[in-house]
Amino acid sequence: MAHYAELDINNKVIRVLTACNQDIATHGGELSEEAANYFGTYTPFSENGVKWVQTSYNSNFRKQYAGIGYTFDFTKNKFIAPQPFASWSLDASDDWKAPVAFPTIKTYGDNVNYMISWDETEQRWTGKDDQKNSFAWSPETSSWISTGN
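Owing to the predicted nature of the structure, the values given are computational and were not obtained by experimental measurement.

What counts and how
- Residues numbered from 1 in each chain as written.
- Predicted model: local features only at pLDDT ≥ 70, side-chain atom pairs only at ≥ 80, totals over all residues.
- Heavy atoms only, no water.
- Phe/Tyr/Trp six-rings, centres within 6.5 Å; stacked < 30°, edge-to-face > 60°.
- Buried < 20%, exposed > 50% of the residue type's maximum accessible area, 1.4 Å probe, protein only.
- Helix = DSSP H or I, 4+ residues; strand = E, 2+ residues; numbered from the N terminus.
- Contact = heavy atoms within 4.5 Å.
- Pairing = 2+ DSSP bridges.
- Axes fitted to C-alpha atoms, helices over the stretch in contact; angles between N-to-C directions.
- Salt bridge = Lys/Arg side-chain N within 4 Å of Asp/Glu carboxyl O.

Can you break down the packing of aromatic side chains residue by residue, with the values?
This structure, assessed with the given rule, holds 17 aromatic pairs. Summarising the aromatic geometry, the rings of Tyr 108 and Tyr 114 are spaced 4.7 Å apart at their centres and angled 50 degrees between planes, so their arrangement reads as tilted. The buried category is assigned to Tyr 114, whose relative accessible area is 13%. Taken together, a centroid distance of 5.5 Å and an interplanar angle of 70 degrees make the contact between Tyr 114 and Phe 135 edge-to-face. Here the residue Tyr 114 occupies a position in the loop between β9 (112-113) and β10 (115-119), and Phe 135 occupies one in strand β12 (residues 134-138), the gap between them amounting to 21 residues. A relative accessible area of 15% places Phe 135 in the buried class.

Got a sec to walk through the environment of Asn 11? Specific residues and values, please.
In this fold, Asn 11 is placed in the loop between β1 (2-7) and β2 (13-19). Judged by its relative accessible area of 25%, Asn 11 falls in the partly exposed class. Leaving out residues up to four positions away in the same chain, Asn 11 has contacts with Tyr 70, Thr 71, Phe 72 and Phe 74.

Explain the sheet that holds β12 to me, and be specific about the residues and the numbers.
Taken in spatial order, the four strands line up as β10-β11-β12-β13 in an open sheet, and their pairing is antiparallel. Two strands close off the open sheet at either side, each with one partner strand: β10 and β13 (143-146). Averaged over all pairs of adjacent strands, the angle between their axes in this sheet comes to 35 degrees, without regard to strand direction. Bridge analysis of β10 against strand β11 (residues 124-128) gives five bridges, and the strand direction is antiparallel. Paired with Ser 117 across the strands is Thr 126, a residue of β11.

An account of the environment of Ser 117 is requested, with residue identities and associated values reported.
Mapped onto the secondary structure, Ser 117 falls in strand β10. Sequence separation between Ser 117 and Ala 86 is 31 residues; the distance between their C-alpha atoms is 15 Å. The contacts of Ser 117, once residues within four sequence positions are left out, are Arg 124, Trp 125 and Thr 126.

Go over the pairing of β11 with me, naming the residues and quoting the values.
The two faces of a sheet get side chains in turn, since along a regular strand they alternate between them. In sequence, β10 turns back onto β11 through a hairpin of four residues, with Gln 123 there showing a positive phi of about 55 degrees. With three bridges connecting them, β11 and β12 associate as antiparallel partners. Bridging from a neighbouring strand, Lys 128 pairs with Ser 134 of β12. Between the end of β11 and the start of β12, which pair antiparallel, lie five residues, with Lys 132 showing a positive phi angle near 70 degrees.

Describe the pattern of salt bridges, naming the residues involved and giving the relevant values.
For the structure shown, the criterion picks out six salt bridges. Salt-bridge contacts for Arg 15 lead to Glu 6; the nearest nitrogen and oxygen are separated by 2.4 Å. For Arg 15, a relative accessible area of 25% gives the class partly exposed. The shortest N-O distance in the salt bridge between Asp 94 and Lys 78 comes to 2.9 Å. Highlighted residues: Asp 94 in the loop between β6 (89-90) and β7 (96-97) and Lys 78 in strand β5 (residues 78-80), separated in sequence by 16 residues. Per residue, the accessibility class of Asp 94 equals that of Lys 78, and both read buried.

Pasting the structure below:
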């Protein structure tokens, strides 16, 4: 099945809908403007919608499958995920990266995973073990340090 993302005037994705492959094939084919326009003839825009753009469920084109809140960059011809935190920036591949690299150690003890998350206030990675003990990642020592809570 083909999928189309509805964009608003800022190229933000409002919703993603499924289209009939046969309809797309007989009206210009994959990635064609004609197919997108045809899709729009039987799928009206929502209140803020202005354009339909095809997206790939398998991420075979336009970088990744569009989701609500993603932005379509017409120059790069790809969907870009929303910025997760204000301090994060896009890399050369248009993936969001934290200002501190993701921890290289993700497990402890008998290969149990830390529950890792980004702390925007402290600008660091934090982790919790299965006992809910808190840790902070130290990129200088490449180790987890207990924060005592």
